[in-house]
Amino acid sequence: MQQAKYHEGGTDDRNFRLKVVNFETHENHISHETQGLSNRQLVVRRGKPFKLTLLFHGRSWNPYTEQLLLEASLGSLSARIPVQFPGEWSDPQNWSATFYPGDRHRQSVTIHICSPVRSAVALYQLLVHIETANHRMSYKVGTFVLLCNPWLKDDPVYMPLDVHLQEYIKSDYGLLYMGTRANICTRPWSFGQYEPGVLEACLMLLQMSPQHKSNSHRDYISRADPVYLSRVICAMVNSNDDLGILEGKWQGRYTDGVKPTDWSGSADILHQWASSSCRPVRYGQCWVFASVVCTVMRVLGIPSRVVTVFNAAHDSDANTTIEEYYTSTGEKLNLSNDSIWNFHVWAECWMRRSDLSAEFDGWQAVDPTPQERSAGMFRCGPCPVAAIQRRCLNVLYDTPFLYAAVDADVVRLIVRNGLVVGWTVDTESVGQLICTKSINSDRPENLVQSYKGKKMDRQAGSVSRQNMSKRLVSYKEEQSGNILDAITVFSSSPSTERNGAGGISPSLEVSLNIHGVPLLGESIRMCVTVTNKSSSPRTLVEYVNAQLKEYNNNPHESFWRTLKEMHIQPYKVLTLHHTISYSKYESILAGDDIVNVAVVIKDMMTKERVLAAEEFSISAAHLTIEIVGGDGIKMKKEHTAKVTFTNRFDKPVSGAVLTVEGFGLLQGKQEARLVLLQPGGMIEKKVSIIATSPGTKLLMATLSHNNSSVILARSYLKVSVTAA
């Protein structure tokens, strides 16, 4: 119920006035599939009627002598909506309001209001006007929120299958896929659209955008278009150009904010941003940016999901080719502006592209991670996934950049003393796996076929002796200690070219395989296979090198290396086994860290070199989280959660810290500490949890060393909360 506030009038009829307006929020929210989005505000979807009841003081409203008009206002825009008898014609492109005879009572009337399907997504002010020949009464009666309507066929975001709507609009739980293609790590995420204040933060995001601040009138009109909305949202989730939500950081310390891996949901981020006068929240990386976009989209009624591309290319010069440089001993060099991220996360949103042809309707890639500018702002998309798959690079928006991310070629060059002494071309590894959470399942759904068509022969993506012959390189050569600055590099070994135009098949082949899924605390085992395809025996030197690597960047310095001389007979195969013990990496690697291992095989006589490289993640140790009585809990009732870790390492953990947190379940972080956790020993923490709102929550627990950021173990528990 909202009290009607008298606004203006003429000759006052003291025996008749509007007293109260009942927005019928409970019934409207059920009808409009908006339950839980707000307990303070009417939230409805465009193009579908909603109702409100007007309660009068003194007498009943007479529809034959008194005209009842509603007015929906949005900034300088407003629509006056005459309340009509049923059966009267109304333009579906305009607002309409109808009452039915059975809805008029002695001192009340129920009005059914419908907005145009192409209405702006926003918070509207509602006024009621009662007019006769002699007087006029006007009342401000409150506000309501209008969202996109994916249940309505005429809405550009219409999604026909209910199972898809449940997953991509109503579900507040998601799974993110990270790590490497060979060792996928799953991370639950709480989108949190039903948390108090999240809807308001999403609407604030639109109001704080540069587009709205520069021209609110044009912004409100444009908000009817989901393409426009998605571009505004994409730019506002990062803070590079505006008062956006998240500040990105990819290296260094995070003591003045939250480490990106510590976030487990969007609601806390949105709350921090909204409550701090729109100061950017520190810090985000790709999966955090994409997950917040997904939350905002779902709240505003645009179906969305989070997508992970494994081996995602960042093509800085737009030639759809990524270059990687290695020393002759297998250490990867930081020479290229291009890069391949072990994984990159963006969002997809579902819509019809009225600005394009119908073949580009459906899923659109939207990438809010600030990498490159689009029309002057750090944003990317919406780009039709169909355009990426068909390599339609002129289709809006940002198709060339996103195409390269999933389908670029990789050229790996071995460099020694300013010379390219060998290279390989990999046309398959980029975008080898693209996935999202499956519907009604925690299993990944493979999207490769949606993004990648048959690889086309293209001149720009091929590597030949001619286009390898001149390069500028600047790096420190370990063996000589000389710094080579802006040296023209010539290929001295064209026979090492593979998959390039006009190349010769190499007479040496090497492959590298990692045994199993490396687990923190255990040895890393690998196998190198060398094949001599020539008719001569050969003396070879094997160099193997291991480096810690950020998922989105080039490796750090090597933490392990080995070399070995060997002999191989004609047409024979050698298998070499290597082990990196835990003691060699325990001070370097943490759970979910990524390792780059490369092997270079050199023929001592011909100087021919061949390279193989693999990247893999180290799985964290296991933590157990359980709730007494089961994972489904009642809102506002106290429950007990128990977290335990058993030390399965072969040495003690000094200064063990067990940390438990859960937004919407716990206030802050809770810890248990143990000075020395012996092998086989256990550390345990019991916490009391109380859910403040319904939906899906996450409990997160980590085990670390005292005064160290190294995470030894990390686990999550999905908690389903229902009303008491």
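In case you missed it, the structure is sitting above this.
From a predicted model like this one, the values you see are computed outputs, not experimental measurements. (Residues numbered from 1 in each chain as written. Predicted model: local features only at pLDDT ≥ 70, side-chain atom pairs only at ≥ 80, totals over all residues. Heavy atoms only, no water.)

**What to know about the overall build of the protein**
Keep this limit in mind: Elements are defined by DSSP. Helices are runs of H or I of four residues or more, strands are runs of E of two residues or more, and each kind is numbered from the N terminus. Classification of residues uses two cut-offs on accessible area relative to the type maximum, computed with a 1.4 Å probe and protein chains only: under 20% is buried, over 50% is exposed, and between them is partly exposed. Residue contacts are defined here by distance: any two heavy atoms, one from each residue, within 4.5 Å place the two residues in contact. Surface accessibility follows the Shrake-Rupley procedure with a 1.4 Å probe radius. Residue values consider only the protein chains on display as shielding. A residue counts as positive if it is Lys or Arg and as negative if it is Asp or Glu; His and the chain ends are not included. Lysine's charge is taken at NZ, arginine's at CZ, aspartate's at CG and glutamate's at CD.
A tally of helices and strands in the protein yields 12 helices and 44 strands. Along the three orthogonal principal directions, the C-alpha set of the protein runs to about 110 × 60 × 40 Å. Across the 724 residues in the protein, those meeting the buried criterion constitute 57%. Across the protein, every contact between residues at least 6 apart in sequence was considered, and the portion connecting residues at least 24 apart equals 67%. Split by element, the accessible area of the protein, about 30,200 Å² in all, is 48% carbon and sulfur. Considering the protein, the positive charge centre built from 75 side chains and the negative charge centre built from 71 side chains are found 2 Å apart.

**Details of the pattern of salt bridges**
For clarity, the threshold we go by: We define a salt bridge as a side-chain nitrogen of Lys or Arg found within 4 Å of a carboxyl oxygen belonging to Asp or Glu.
Scanning all chains against the criterion turns up 30 salt bridges. Put simply, R390 and E359 hold a salt bridge, and the shortest N to O gap is 2.6 Å. Taken together, the residues span a long stretch of sequence, with R390 in helix α9 (residues 385-390) and E359 in the loop between β19 (339-351) and β20 (362-366) at a distance of 31 residues. Each of E324, K332, R412, D426, K549 and E615 takes part in salt bridges that share partners, so that together they form one network.

**Examining the sheet that holds strand β30 (residues 508-514)**
What counts here: Two strands form a pair only when DSSP identifies at least two bridges running between them. Each axis is a line fitted through C-alpha atoms, and for a helix only the stretch in contact is used; angles between axes span 0 to 180 degrees, taken between their N-to-C directions.
The strand order across the open sheet formed by three strands is β30-β31-β34, and the pairing between neighbours is antiparallel. Two strands lie at the open edges of the sheet, namely β30 and β34 (573-580), each paired on one side alone. Geometrically, the sheet is characterised by an average inter-axis angle of 20 degrees between neighbouring strands, direction not taken into account. Note: β30 against strand β31 (residues 524-532), seven bridges, orientation antiparallel. Residue pairing across strands places E509 opposite T531, the latter belonging to β31.

**A word on the layout of surface pockets**
Heads up, the rule is: Computed over the protein atoms alone on a 1 Å grid, cavities are sets of points where a 1.4 Å probe fits but cannot get out and pockets are open sets with protein on both sides within 12 Å along at least five of seven lines; a residue lines them when it has an atom within 4 Å of a point. Grid points are joined across faces, edges and corners, and a volume is the space filled by probe spheres set on the points. By the convention adopted, Pro, Cys, Tyr, Trp, Phe, Met, Ile, Leu, Val and Ala count as nonpolar, Lys, Arg, Asp and Glu as charged, and the other residues, Gly among them, as polar.
Considering only enclosed or pocket space, the second largest pocket measures out at about 720 Å³ in volume. Around the second largest pocket sit 29 residues that line it, and R412, D426, S429, A613 and E614 are the ones nearest its centre. For the lining of the second largest pocket, the secondary-structure elements that each account for two or more residues are β17 (321-327), β19, β25 (419-426), β30 and β36 (609-617). For the lining of the second largest pocket, the element with the highest residue contribution is β36, accounting for five residues. Looking at the lining of the second largest pocket residue by residue, the class counts come to nine nonpolar, 10 polar and 10 charged.

**Observations regarding empty space enclosed by the protein**
This structure, assessed with the given rule, holds four cavities of 30 Å³ or more. Its boundaries defined by the atoms lining it, the largest cavity holds a volume of some 70 Å³. If you trace the largest cavity, you find it lined by E167, Y168, Y173, G174, L175, F191, R298, R305, V306, T436 and K437. Taken together, the residues of the lining of the largest cavity break down into five nonpolar, two polar and four charged. Of the pockets and cavities examined, the second largest cavity occupies roughly 60 Å³. Around the second largest cavity sit E33, T34, Q35, L37, R45, I169, K170, Q193, Y194, R298 and V299, which together line it. Those elements giving two or more residues to the lining of the second largest cavity turn out to be α2 (162-170) and α8 (286-300). Broken down by class, the residue content of the lining of the second largest cavity amounts to four nonpolar, three polar and four charged.

**A look at helix α7 (residues 267-275)**
This is how it is decided: Picture the helix axis, draw a direction to every C-beta atom, and the arc is the one those directions span.
Residues A267, I269, L270 and W273 constitute the buried set of α7. Along the axis of α7, the buried residues cluster in a sector spanning 160 degrees; they form a single face. Turning to α7, the residues buried within the fold contact β13 (183-190), α3 (198-207), α6 (226-237), β14 (246-248), β15 (281-284) and α8. Residue S277 follows α7 closely and has a positive phi angle near 60 degrees.

**Concerning the side chain of D367**
What counts here: Nitrogen and oxygen atoms within 3.5 Å of one another constitute a polar contact, given that in protein one can donate a hydrogen and the other can accept it, and given that sequence-neighbouring residues count only through two side-chain atoms.
Counting through the fold element by element, D367 comes out in the loop between β20 and β21 (373-374). The buried charged residue D367 lacks any salt bridge, with R231 as its nearest oppositely charged partner at 12 Å. A distance of 2.7 Å separates polar atoms of two side chains, one belonging to D367 and the other to H344. Excluding anything up to four places from it in sequence, D367 contacts C234, H344, V345, W346, R379 and C380.

**Observations concerning the side chain of S190**
Assignment of secondary structure puts S190 in strand β13. Classification of S190 as buried rests on a relative accessible area of 10%.

**Quick word on the sheet that holds strand β38 (residues 632-634)**
Read across the sheet, five strands follow the order β38-β44-β43-β40-β41 without closing on themselves; strand pairing throughout is mixed. A single partner strand is all that each edge strand has here, and the edge strands are β38 and β41 (670-677). With direction set aside, neighbouring strand axes in the sheet form an average angle of 25 degrees.

**Remarks on the environment of P116**
Here P116 shows up in the loop between β9 (108-114) and β10 (122-131). Considering only alpha carbons, one finds P116 and S190, 74 residues apart in sequence, at a separation of 32 Å. Not counting residues up to four positions away in its chain, the partners in contact with P116 are R46, G47, P92, Q93, N94 and W95.

**Let's talk about the nonpolar core**
The tendency in soluble globular proteins is for nonpolar side chains to be buried as a group. Cut-off, in case you're wondering: Joining through side-chain atoms within 4.5 Å is the link that ties buried Ala, Val, Leu, Ile, Met, Phe, Trp, Tyr and Cys residues into a set, and such a set is a nonpolar core.
Ranked by size, the top nonpolar core spans 67 residues in total, and within it W287 and L300 carry the most contacts. Ranked by residue count, the leading element in this core is α8, at 12 residues. Leaving out residues up to four positions away in the same chain, W287 has contacts with L176, M178, R187, W189, P260, T261, F343, V345 and Y551. Among the nonpolar cores identified, the runner-up in size contains 62 residues, and V599, I625, A701 and L712 belong to it.

**Remarks on unusual backbone geometry**
Going from R282 to Y283, the amide bond is cis rather than trans, its omega being 5 degrees. Checked against the element boundaries, Y283 lands in strand β15. The residue after G381, namely P382, is reached through a cis peptide bond having omega 5 degrees. Secondary-structure assignment places P382 in the loop between β22 (377-378) and β23 (383-384). Even without glycine at this site, R391 takes up a positive phi of about 55 degrees. Locating R391 in the fold gives a position in the loop between α9 and α10 (399-407).

**Digging into the pairing of strand β44 (residues 711-722)**
In terms of burial, β44 is a largely internal element, nine of the 12 residues being buried. Pairing geometry for β38 and β44, over three bridges, is parallel. Directly across from G632, in β44, lies its bridge partner S720. When strand β43 (residues 695-705) meets β44, the two strands line up antiparallel, connected through 10 bridges.

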